[in-house]
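Inside the fold
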Amino acid sequence: MSKRKITVAVTGLNAVDSPGPGIAVIRGVKECTDFDVRIIGLSYESLEPGIYMGLCDKTYQIPYPTAGSEALLHRLAFINEKEKIDVIIPNFDAELYNFIKIAPKLKAIGINSFLPTHEQFDARDKINLYAFGQKHGFYVPRDRVIYDVHELPAIAEQFGYPIVVKGKYYEATVAQTLEQAQKAFHKLNAKWGLPIIVQEFINGTEINVAALGDGKGNTVSAVPMRKMVITDKGKAWAGITLEDQSLVDLAAKFISATKWSGGFELEIMRTMDGRPYIMEVNPRFPAWIYLTAGAGQNQPAALVKLALGEKVTPYKTYLVGKLFIRYSWDMIVDVSEFQKISAFGEL
Amino acid sequence: MEKLRYERPAIKKLNAGLMNKFGTRTEYAPCTHIDGVAVKDLIKEYGSPVFVISERTIRKTSQNANRAFKTRYPKVQFAWSYKTNYIDAVCNVFHQEGSWAEVVSIFEYQKAIDNGVPGNKIIFNGPEKSVADLEQAVNNGSFIHIDHFDELYDLIELTGRIKKKAKVAIRVNMDTGIYPMWDRFGFNYETGQAWNAITKIMASEYLELEGLHSHIGTFMLSTQAYSIAASKLSDLAVNIKYKYNKAIHYLDLGGGFPSANTLRGSYLPGADVIPSIDDFAEAITSTILNYGYKTEDLPLLILETGRALIDDAGYLLGSVLANKRLSDGRRATIMDFGVNILFTSFWYEHKITPAQEFSQHTEDMVMYGPLCMNIDVVRQSVNLPLLNKGDQVVVHKVGAYNMTQWMQFIAMRPKVILIDMDGKPHIIRENETVDTLRSMERKPDYLKKFKL
Amino acid sequence: MKINKNIAISESGFIFNPGTGDSFSTNPIGAEIIQLLKDDKKPSEIIKVISSKYQIDGPSFEKDLEDFYSQLRDGSLTAYE
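The structure contained in this document is the topic of the report that follows. Everything numeric in this text was worked out from a predicted model, so none of it was measured.

Criteria and cut-off values
- Residues numbered from 1 in each chain as written.
- Chains lettered and ligands numbered in written order.
- Predicted model: local features only at pLDDT ≥ 70, side-chain atom pairs only at ≥ 80, totals over all residues.
- Heavy atoms only, no water.
- Helix = DSSP H or I, 4+ residues; strand = E, 2+ residues; numbered from the N terminus.
- Buried < 20%, exposed > 50% of the residue type's maximum accessible area, 1.4 Å probe, protein only.
- Polar contact = N/O pair within 3.5 Å; in protein donor to acceptor, adjacent residues only side chain to side chain.
- Contact = heavy atoms within 4.5 Å.
- Buried area = accessible area lost by both parts, 1.4 Å probe.
- Salt bridge = Lys/Arg side-chain N within 4 Å of Asp/Glu carboxyl O.

1. A few points about the side chain of Ser261(A)
Residues and elements named next belong to chain A. Along the polypeptide, Ser261 turns up in strand β12 (residues 261-270). A residue is classified by how much of its surface remains accessible, and Ser261, at 10% relative accessible area, is buried. In this structure the side chain of Ser261 is engaged in a polar contact, spanning 2.7 Å, whose partner is the backbone oxygen of Leu115. Among all residues touching Ser261, those that are not within four sequence positions of it are Phe114, Leu115, Pro116, Gln120, Gly213 and Gly215.

As structure tokens, then:
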């Protein structure tokens, strides 16, 4: 049987030390035996390594999320005129809002995607996560959104030290005392503004689950992984698949509760007494997603099929004890290529 | 041989990490016409800078807001928020569309009366109302929204003296999960202050409690907060019905809906993050409809939407005065308008587009106003084509607050033009001249002469 | 004003400065001026060439040329004289 020719566009080509998932997604999609895939890379910056790795047949620059959904739609429509994109897979948290917003318009010009809804996207936002956990019966660390440093003592008393003081967008500090908490509050306020999120500290083992929901409440795939080497930015540099039905069940329960459509990652902290706390839900594939293909559940390829409206049989088993080990690799590139992508936005 | 079109030479460093501009052409696609009238002609005829208001856009926006609420709820009344833009011609477009008047000072009140708004279709809000102001409002049968106990006692005293009924409502402030909480206006819900005020009104002989009013904030991005406000006002209304067997005639949810402007520091553009008017309508009306009013007791829903109805219709046209380069190498462009007439540039990243065609070459620049004052910055950083002295630009979505909060400082206020439904421009406010200033100044005799 | 002799400029307006590793892009008129500078043309000659070819008068162009020089200097594209 001859392979079907399709064109898939992928963002997140920043395969750097805190990598975007694009390259891993491309490798998964390319390994699918059903398709003959042409890959269109979509980059934001001209030195994203994925542009130069030979994995993208062609790369286009796209406008930053701050330019708005209209600018993005405009640019993608232009690219689509030339490339006839069948499926698009965005991979950054910050761009998802816009991609979800324009998904129906992309569909109208023939570009399929398989993304969560804005409601699903918002429900797992760190500001709403605790309420979400309460509603659906998940363990989620208690937290409070505060605007005033004077609210700290009462919350600390309730949660008990240590507490985690988190910025609106990024950064978190573990505070052992009120003084440390106040210092963190002022520092994070100065950097990211209000509100500040105060969270209960959970001690345990960190585990990640990459999963794919079909949008009807069914789990297509779920693969748990524990990080073995962690960079100073907290990113996995090596990890191993685990055998643990309770984690697969947790992902399934999350998918069934949210009817999640698309890929996502659960960041879980399992306490000493075995309770799995959901620390964060990333609304897209993680950077280590290629491990799912290596373990026998090719989630990127399955997502492409779902996006194309094809039926996908849920995966039942995966290989336990498969490792991914990341490495750095210096490529040699001529300045003319950098100039072309920088000035023309195409390479 | 004919000479080629000139463009100023420019180079741009290709940075690895900086934002690319691909696909952002929509941001600076030239805006050459407003409602069919050429920007060039408007500036030629009326000068630069000049404010231009599209009547077509006002009516379209207003009708859309009415549709959003009236298709969801049986009794809806909009009241035009005068402080947002109180040029008579603008107010009257809204009145022609069926809006009442919502005023916050006696001078706005007088404007509404002079415009021909019946007294019983004026809502009088705000913390500043003198006894004389109140008396006028009582005599005209206007709705007085009481802000504090001092005003309440003034009204009780006044109506007792003149023996006339006053139609009143109280402004209620409350926790809707929004920060900051606007608890400086009105009576607080959670502490029982609002109920206390209601009790006093119900006990007074001449005050008729007609409605309950809230105005929870400005540029609100959450529809949920309105739902909470509607629910808390309804709670008061239902309690009034229970305790006094009196049905409240209206709930006034105030204003605060955002326009599509982008707030400074916002990650995504305004147009992408603001809820639509339908989202707000759904949140408010579904809360009231599901609250458990008897059908015959269902209150009239009043909205004092200002910004969201007028911002889009306003444009500011201006011209480049000069280009220069700052000591750090950044390009600076000096415009003939600044924060003196574009007050909103303090909190918006205004969309600014050139008014003539350009090549695809662009540059980042700081855009300054003409004042000799360091804070006169229109945009801290904006990417625009290579503008030359005399080139014209259009600032978008400036209809709200600029034509009321503008200041006469260093430069005079410019003309305001309304483009009517047929594309015909009308001057609706003249520009100020030095005579405008002179007409108000008085020189004591001994200061009339000097020798230098 | 002299431009660095080793500056490479392509037809599509790319400039590469091998001394610093920086890349730039310029508009067609910028590329034209850089070429004139490489040919050791004096400012007065450049002003004459440009103002006779484009819709711009000499004095107005002189101002823009000065600014362009400052941009070239900022980009370390000029040579020490």
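2. Things to note about the interface of chain A and chain B
Chain A puts 31 residues into the contact, and the matching count from chain B is 17 residues. Roughly 2,000 Å² of surface becomes buried between chain A and chain B when both sides are summed, with 62% attributable to carbon and sulfur atoms. Here chain A and chain B share one salt bridge between them. The residue Lys101(A) makes a salt bridge to Asp272(B) at a minimum N-O spacing of 3.9 Å. Seen at the junction of chain A and chain B, the total is three residue pairs in polar contact (both at pLDDT 80 or more).

3. Quick notes on the interface of chain C and chain B
With 28 residues of chain C in contact, the opposing surface of chain B contributes 19 residues. Of the roughly 2,100 Å² buried between chain C and chain B, counting both surfaces, carbon and sulfur atoms make up 57%. When residues of chain C are sorted by the area they lose upon contact with chain B, Asn27(C), Gln55(C) and Gln71(C) head the list and together hold 27% of the total. One can count three salt bridges joining chain C with chain B. Of the charged contacts, one joins Asp67(C) and Arg331(B) as a salt bridge, the two residues approaching to 2.2 Å between their closest N and O atoms. For the pair chain C and chain B, the interface holds 15 residue pairs in polar contact (both at pLDDT 80 or more).

Distances and angles like these do not, on their own, reveal function.
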